Amino acid sequence: MNTSADLLNSLKIDRNAPPPPPSRKGLWIGLAVVGVAVLAAAGVFALRGGKGVEVSVAEATAIGGTGAGNASVLDATGYVVARRMATVSAKVTGRVREVLIEEGQKVEEGQVLARLDPVDAQAQRALSESQLAASQSQIASVQAQLKEAEANAARLSTLVAQKLVSRAQFEQAVATRDALRAQLATTQRNAQVARDGLRIADNGVDNTIVRAPFAGVVIAKSAQPGEIVSPLSAGGGFTRTGIGTIVDMASLEVEVEVGEAFIGRVKPGMRTETILNAYQDWKIPGRVIAIIPAADRGKATVKVRVGLDAKGDPRIVPDMGARVGFLEDAKPAQADAKPGVLVPAAAIAQRGDRDVAFVVNGGMASLRKLTLGRTLGEDREVLAGVAGGEQVVLDPPETLADGARVTVAPAAASDE
């Protein structure tokens, strides 16, 4: 009985007893759920709406798969030079009377560029004319004497046959006639010498006129009226050696220096593509004219002459800086040939044992496995994995993963 009463008493609720402590198990479960939700939202924000990793990009360039042969096997820098250029001077020393050229002026072959003071040359010509006139007057005098001597000899010839004059008189007349004949020949030769001297004096007068040896453009004016010019240097600063410099713009070409280690890639007649430093968007086609058969020991280079197809273009001027790309020869088209692209070598990374690159598309980095081809300068040929025009990440960090959010660096963005 007592036992049953005790059991019934234990089931009674003591309303005066203090409440039991609350349980925190549900609170911890709620906080864990909220934390997981926050982390998930942060991950989604980082992948889709965050700023992402800042990267530099470059565009993959298609090189074609039809055997066009547009890939550059070698690049070299050089300068535009003129194969036909002349500093025009007078053939004689003299004072400049007038200069008829200015820089940038086009001149034709034979056009008068300048004139020297012709006073001395004209005086020499006048002296030669006087000498010729004197020789011609001597010829007339000797001819008159010879005519008289020939008539006298003929007359005495008849008289000596009739024995009316002595033999000695006849022989003297014949000797006088022969002497005058010899004197006439000498006088005629002297007249010819005087005539030649006059022709030389005429050339001397003509040498005071400076003419253009060929058609071209004046790039320098070296003399002014009143200065002394001489074809030979006088050793001082007051004597000019030229009137001006003329360049035949149709003879412009590019001269580059190629390292000895790479000269084997260059062949005469090889197609080229030249870009002038002043016009970066203008690609000028051309061909290799010649490889100079001499090397520079100090720089270990060989000079190569490159011709330009755009001859006579006014944008091309001497001494311009230029970059020449030597293009590979065209190859026969193949049915199974696939287009390739050129990407900078810095865009190729290693993930495991594979060559990969990261392509930027819509702000996301997409990992591409690559099939590589040749090495062309600082670029690599990619046969598969990247298409022409796609943006590839340069120097991708080791932490960059497929699908990561990226932001193109401002410098790279400005170049696009």
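Thresholds, definitions, all that
- Residues numbered from 1 in each chain as written.
- Predicted model: local features only at pLDDT ≥ 70, side-chain atom pairs only at ≥ 80, totals over all residues.
- Heavy atoms only, no water.
- Salt bridge = Lys/Arg side-chain N within 4 Å of Asp/Glu carboxyl O.
- Buried < 20%, exposed > 50% of the residue type's maximum accessible area, 1.4 Å probe, protein only.
- Helix = DSSP H or I, 4+ residues; strand = E, 2+ residues; numbered from the N terminus.
- Core = buried A, V, L, I, M, F, W, Y, C linked by side-chain atoms within 4.5 Å.
- Pairing = 2+ DSSP bridges.

Can you help me understand the pattern of salt bridges in this one?
Two side chains bearing opposite charge may form a pair once their charged atoms approach each other closely. On inspection of all chains with the given rule, the structure shows 17 salt bridges. Note that Asp-206 and Arg-211 form a salt bridge whose closest N and O atoms lie 3.1 Å from each other. Asp-206 gets classed as partly exposed once you look at its relative accessible area, which sits at 36%. Among the ionic pairs, Glu-253 bridges to Arg-305, the shortest N-O distance being 2.7 Å. Here Glu-253 is found in strand S13 (residues 252-259), whereas its partner Arg-305 is found in strand S16 (residues 301-308), with 52 residues between them in sequence. Like Arg-305, Glu-253 is buried.

Quick question: what am I supposed to make of the nonpolar core here?
Soluble globular proteins tend to bury their nonpolar side chains together. If you look at the biggest cluster of nonpolar residues, it comprises 25 residues, and the most contacted ones within it are Val-254, Val-256, Leu-276, Val-304, Ile-316 and Phe-326. When residues of this core are traced back to their parent elements, those giving at least two are strand S3 (72-82), S13, strand S15 (279-296), S16 and strand S17 (321-327). In this structure, Ile-101, Leu-113, Phe-214 and Ile-246 belong to the second largest nonpolar core, which totals 17 residues.

Would you mind going over the pairing of S16 with me for this structure?
Consecutive residues of a regular strand have side chains that alternate between opposite faces of the sheet. The buried fraction of S16 amounts to 7 of the 8 residues, a majority that puts the element mostly inside the structure. Taken together, the 7 bridges between S13 and S16 define a ladder with antiparallel strand orientation. In the strand pairing of S16, Val-254 is matched with Val-306. Across 7 bridges, the pairing between S15 and S16 is antiparallel. Looking at the pairing, Ala-295 lines up with Val-302 of S16.

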